[in-house]
Amino acid sequence: MGGKYSGARTKRRWRGLAAAAWVLIAVVGAAVMHWTQRRQSMDRAEERLVSMCEERARMLQEQFGVTVNHVHAIAILIATFNYEKSPPAIDADTFAKYTARTSFERPLLNGVAYAQRVFHHEREMFESQQGWIMNTMQREPAPPRDEYAPVIFSQDTVSYLARIDMMSGEEDQENILRARTTGKAVLTNPFRLLGSNHLGVVLTFAVYRPDLPADASVEQRVEATIGYLGGGFDVESLVENLLSKLAGNQDIVVNVYDVTNASEPMALYGPSILDEQVPHVSMLDFGDPFRRHEMRCRYRQKPPIPWSVITNPLGLFVIWMLLGYSIAAAYSRYDKVTEDCRKMEELKTQAEAADVAKSQFLATVSHEIRTPMNGVLGMLDMLLGTDLTMTQKDYAQTAQMCGRALITLINDVLDRAKIEAGKLELEAVPFDLRSLMDDVISLFSSKSREKCIELAVFVCDDVPKVVLGDPWRFRQILTNLVGNAVKFTERGHVFVRVCLAENSNMEANQVIHGAMNGKDGKVESTTNGAFNTLSGFEAADRRNSWQYFKLLLSNKESLLDDLEGENSNQSDSDHVTLAISIEDTGVGIPLQAQDRVFTPFMQADSSTSRNYGGTGIGLSISKCLAELMGGQISFTSRPFVGSTFTFSATLKRSYKDISVDSSRSLSEALPTAFKGMKAILIDGRPVRSAVTRYHLKRLGIIVQVVNNMSAVVKAFPGKNGATVSREKATMLFIESDFWRPETDVQLLNHLREHKNGLLSDAPKVVLLVTSEADKDNYGSIFDIVMCKPIRASTIASSIQQLLKVEMPERKENQNRPSFLRSLLVGKNILVVDDNKVNLRVAAAALKKYGANVSCVESGKDAISLLQPPHSFDACFMDVQMPEMDGFEATKQIRQMEMKANEESALSEGSTFVEYHLPVLAMTADVIQATYEECIKSGMDGYVSKPFDEEQLYQAVSRLVVGTTDSAV
């Protein structure tokens, strides 16, 4: 136990470490995922910022380039239409109007002005031509210098620049000189533009003579310069207009700088923002090779962290933990299943041990109960064989009946135990189904006569005559169901019907606790209020009504007509499924009790066992046996109307005629002496008449069914000698409820004349009654009064006596008592049993048939008597005995016989005689394990206590005579 608990603690410790490691992996994985996705998010934001900044820088450069191109176009226009033209094609008004009208092409310029290049020696002539004096930026006359750049044309927006010498300003002069040497537009430092107060720069562009070559040198460009074109460039407006056209402008902040002096960059556009963000820088190329500009972009606010950066790692953590939980749960489940399997193995071992103990217990209980019962019944049987008074005989018979009932109850309990243990095995022997049905009905004939109820059986013609199966278990089901039906029926009938399952549509019409139980299923009635059933009483299941029964008969006849053509098809399947229904008109089953009908030891209600007796185990056993036979059982019941139990069983067809082997028949073969006889049946109930006709047809009698008494009168020879059929009827069968002596006066007179011998050629008249009292009342009128239930064998016996028909002599073995005496007379039989009462019973039973019986009380004594050679012909061996049981004794007997046979075979000159004494187990155990142990130990057969004449007959005919197939 200590090692078990230590192992459990170690397992729990490792589980805790594994769980902690799993959680740590989940946390690390979630953190790595968080930082990775956050880095990716920041990279995407940076890429987006770069993309937007580069796009804006590119578009700004494009817009600036377009403006410069338009200024260049004006420069070409001046050089083409104004230089050395006399008179010039462009004057101040024309230039002002033109530039004003084309200002939409230069939206970023405040205005455009043109300054002409004037040398010092040209100043006086220029001023005289223009009519004004050149001024400086301070509006003072321009001082003398080598050359001047006075503004002669200007757009109205910059008209204040007229007459100003642009060379007078130091920065303007520098721009002019750079522009004419580079041939490109140059820009000034940023400054506030007049009017808009926006930051801007002055764009200066040199105007050359038209003949300047494209690849001119600096000197050539300076020499070819004729003037300068300039304008104020509004950088703020340019950038603002550009950003307003782009999406995402509200997300980023744009700044434009002049970084010609890198240490002191000058802002051209944008607010001054001081934060920790590192802006993205895009270089701007405005065409001025001497100045550098750049655009700096940053997010207005720091990009937020996406929710996915938080939710994804959290989801990963949750999923990882769920996966860990699933793995832990699966492992725990596996561990639990493993532990459960271990416990199940232990329980299985315990159950197997309990099963063995149960089997041993059943064997012990069976033996201990049956052993005294064997003595009781045996002694009662011996007592009944003595001279007793009527009272004494009645007492003894009552005790014998109670003892047999107790044995039956013990058998039922043991059967139920064998079924639960799965040790009940079915035999497979051929048997005559119709004879078995007759035997079952005969068991309850006296009870049905006491209650005056109809008891009948009907087997369809398409049911095989001989089938292969277990007749004893089949009989047990029928006995239980028919016994219940007779027990719970006080008026009406009990009707047993057997047909093929496919013809009865049993599967389609099964009602297991269904709606028909107590709610539906009424049988149609006739005009006089009676129902078309066997007895005229209403039945619970319409499937046994005349309408359905008539359909079944029609199907049967059509099958018989086509039997030869379909014989080959029927032989294709060796299996046949039978549907057996037992219908009664008894008290029915209460609705609330129908769910527990097949529950062992359960009664419909507490009053049932008091009123009718019983243990409630019969139906449970019947259900199990039906299922073992490959079928099922169901019922339809209506309180105070009746019940119909239906069960199916799958058997095999048997093509062996067991009538030639009487030892395998459950009943005697039917005689053939009545074949071809004519009979008239008077019965107004079609179901009952069909049953009677079925039994008569089994004897070969041709039956004509009529439903009125006039046919009976016509059957008697009268004055006209007429009969109801072409050939004379030999017999008349009349149902007792159709016989009315007060109304059928003519028939009564005919019967009296026939009784008095006046009508020698009249048919024999048989009255069919349901009670012994009716038999006494009408015995003086009719030739014979036959009490139901009728069977083919009883009809044959009655007709044989009535018509004095010669019957074939019966075989000797058909009279079992006399045949048994012929087998046992003079035989030496050893009986071994430790119980003296059982010894007396067995010895008396064997001596009754002429056997010489020796008795011993132990296995050792039996071995000493059975040393070869010996004079015994058979041995009845008890199984459970002290010191040495029957199994061990039999094994030693077989060893002695084997040794004696070997010595006899080696002996020369002597006749070889093989020793094999038939040993029959004689025990109170009825379980399969005991039977298997008997065969294993070398015994030849098995008889359970208490054994009766039937068991003794089977055992002796099989062992003493040596016909191993003599048992049924």
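Residues numbered from 1 in each chain as written. Predicted model: local features only at pLDDT ≥ 70, side-chain atom pairs only at ≥ 80, totals over all residues. Heavy atoms only, no water.

Going by the annotation in an unreviewed UniProt entry, the name recorded for the protein chain is histidine kinase, with Miscanthus lutarioriparius given as the source organism. The UniProt entry for the protein chain carries the following text under Subcellular location (unreviewed entry): "Endomembrane system". Per UniProt, the protein chain carries the Subunit (unreviewed entry) text "Homodimer." (UniProt positions renumbered as here; feature names shortened; annotations may be inferred.)

When you go through the protein chain residue by residue, the secondary structure sums to 28 helices and 29 strands. Going through the 968 residues of the protein chain one by one, you find that 46% of them count as buried. Taking contacts inside the protein chain between residues at least 6 apart in sequence as the whole, the part at least 24 apart equals 72%. When the accessible surface of the protein chain is split by element, carbon and sulfur atoms take 54% of a total near 49,000 Å². (Helix = DSSP H or I, 4+ residues; strand = E, 2+ residues; numbered from the N terminus. Buried < 20%, exposed > 50% of the residue type's maximum accessible area, 1.4 Å probe, protein only. Contact = heavy atoms within 4.5 Å. Areas by Shrake-Rupley, 256 points an atom, 1.4 Å probe, with all protein chains shown as cover.)

On inspection of all chains with the given rule, the structure shows 29 salt bridges. With a shortest N-O distance of 2.6 Å, Arg 296 and Glu 294 are connected by a salt bridge. What makes Arg 296 partly exposed here is its relative accessible area of 23%. Where Asp 940 meets Arg 894, a salt bridge forms, and the shortest distance between an N and an O atom there is 2.7 Å. Here Arg 894 lies in helix α26 (residues 886-906) and Asp 940 lies in the loop between α27 (928-937) and β29 (941-944), a separation of 46 residues in the sequence. The exposure class assigned to Asp 940 is partly exposed, which follows from its relative accessible area of 26%. Each of the salt bridges in this network shares a partner with another, and the network as a whole consists of Glu 454, Asp 683, Arg 685, Arg 688, Glu 735, Asp 737 and Lys 788. (Salt bridge = Lys/Arg side-chain N within 4 Å of Asp/Glu carboxyl O.)

A surface patch of negative charge is lined by Asp 834, Glu 857, Asp 861 and Glu 883. A residue is classified by how much of its surface remains accessible, and Glu 857, at 38% relative accessible area, is partly exposed. (Patch = residues over 30% accessible without salt bridge, like charges linked within 9 Å, V, L, I, M, F, W, Y side chains within 5 Å. Lys, Arg positive; Asp, Glu negative; His and termini not counted. Charge placed at Lys NZ, Arg CZ, Asp CG, Glu CD.)

Here the focus is the sheet that holds strand β11 (residues 280-284). The strand order across the open sheet built from 4 strands is β10-β9-β12-β11, with neighbouring strands paired in antiparallel fashion. Since the sheet does not close on itself, it has two edges, and those belong to β10 (266-269) and β11, each with one partner. On average, adjacent strands in this sheet sit at an angle of 30° to one another, irrespective of strand direction. With respect to the sheet, helix α6 (residues 235-244) is in contact with β9 (252-258) and β10, its orientation differing from that of β10 by roughly 50°. (Pairing = 2+ DSSP bridges. Axes fitted to C-alpha atoms, helices over the stretch in contact; angles between N-to-C directions.)

Moving on, we come to the side chain of Ser 448. Topologically, Ser 448 is positioned in helix α10 (residues 445-451). According to the relative accessible area criterion, Ser 448 is buried, its value standing at 0%. In contact with Ser 448, other than residues within four places in its own chain, are Ile 453, Leu 455, Thr 770, Lys 788 and Pro 789.

Before going further, it helps to examine the state of the cysteines. Evaluation of the coordinates by the stated rule reveals 1 disulfide. What pairs with Cys 53 in a disulfide is Cys 297, and their sulfur atoms sit 2.2 Å apart. Looking down the S-S bond of the Cys 53 and Cys 297 bridge, the torsion is 75°, so its handedness is right-handed. Here Cys 297 lies in strand β12 (residues 293-299) and Cys 53 lies in helix α1 (residues 2-81), a separation of 244 residues in the sequence. Taken as a pair, Cys 53 and Cys 297 share a single burial class, namely buried. (Disulfide = S-S within 2.5 Å.)

With that out of the way, let us pick up the pairing of strand β23 (residues 764-769). Of all 6 residues making up β23, 5 are buried, and the element is well covered by its neighbours. Both strand β22 (residues 731-735) and β23 contribute to a ladder of 5 bridges, which runs parallel. If you follow Met 731 over to β23, its bridge partner there is Lys 764. As paired elements, β23 and strand β24 (residues 784-787) share 4 bridges and run parallel to each other. When the bridges of β24 are listed, Leu 768 appears paired with Met 786.

Right, let's talk about the nonpolar core for a bit. Within soluble globular proteins, side chains that are nonpolar tend to cluster in buried spots. The biggest cluster of nonpolar side chains holds 62 residues, and the ones touching the most others in it are Met 437, Phe 474, Leu 478 and Ile 582. A domain-level breakdown of this core finds at least three residues from each of domain 2 (429-514 + 530-554 + 575-602 + 615-654) and domain 3 (678-715 + 727-753 + 760-803). Residues contacting Ile 582, with those up to four places away along its chain left out, are Leu 478, Leu 481, Val 482, Ala 485, Val 494, Phe 495, Val 496, Ser 643, Thr 644, Phe 645 and Phe 647. Listed in part, the 53 residues of the second largest apolar core include Cys 53, Val 68, Val 71 and Phe 153. (Core = buried A, V, L, I, M, F, W, Y, C linked by side-chain atoms within 4.5 Å. Domains from an automatic or database assignment.)

Two aromatic rings are characterised by how far apart their centres lie and by the angle between their planes. For the structure on display, the rule yields 11 aromatic pairs. Look at Phe 126 and Trp 132: their rings are 5.5 Å apart centre to centre, the planes differ by 90°, and that puts the pair in the edge-to-face class. We note that Phe 126, like Trp 132, is buried. Between Phe 431 and Phe 474, the aromatic rings sit 6.2 Å apart at their centres with planes inclined by 45°, giving tilted as the arrangement. Separated by 43 residues along the polypeptide, Phe 431 in strand β13 (residues 429-432) and Phe 474 in helix α11 (residues 471-487) bring together distant segments of the chain. For the residue pair Phe 431 and Phe 474, the accessibility class agrees, reading buried in each case. (Phe/Tyr/Trp six-rings, centres within 6.5 Å; stacked < 30°, edge-to-face > 60°.)

A few words now on helix α18 (residues 686-698). The terminal C-alpha atoms of α18, which comprises 13 residues, lie 18 Å apart, in line with the 18 Å expected from a rise of 1.5 Å per residue. Within the sequence span of α18, burial applies to Pro 686, Val 687, Arg 688, Ser 689, Ala 690, Val 691, Thr 692, Tyr 694, His 695, Leu 696 and Arg 698. Following α18 by one or two positions, Gly 700 has its phi on the positive side, about 85°. (Expected span 1.5 Å × (residues − 1).)

Moving on, we come to the packing of α11 against helix α17 (residues 618-628). The interhelical angle for the contact between α11 and α17, taken along N-to-C directions, is 145°, at an axis separation of 9 Å. Crossing geometry of α11 relative to α17 is assigned as left-handed. Each of Arg 473, Gln 476, Ile 477, Asn 480, Leu 481 and Asn 484 in α11 lies in contact with α17, whose residues at this interface are Gly 618, Leu 619, Ile 621, Ser 622, Leu 625 and Ala 626. Of the residues in the contact of α11 with α17, the class split is 6 nonpolar, 5 polar and 1 charged. (Left-handed = near helix turned anticlockwise from the far one by under 90°. Nonpolar A, V, L, I, M, F, W, Y, C, P; charged D, E, K, R; others polar.)

On the surface, Leu 24, Val 28 and Val 32 cluster together into a nonpolar patch covering about 270 Å² of accessible area. The topology assignment puts Val 28 in helix α1. Judged by its relative accessible area of 46%, Val 28 is partly exposed.

So, on to the packing of helix α9 (residues 433-443) against α18. Across the interface, α9 lies against α18 with an axial gap of 13 Å and an inter-helix angle of 125°. It follows from the interaxial angle that α9 and α18 lie oblique. For the crossing formed where α9 meets α18, the hand is left-handed. Two secondary-structure elements touch here, α9 through Arg 434, Ser 435 and Asp 438 and α18 through Tyr 694, His 695 and Arg 698. Tallied by class, the residues present in the contact of α9 with α18 amount to 1 nonpolar, 2 polar and 3 charged. (Parallel < 35°, antiparallel > 145°, perpendicular 65-115°, else oblique.)

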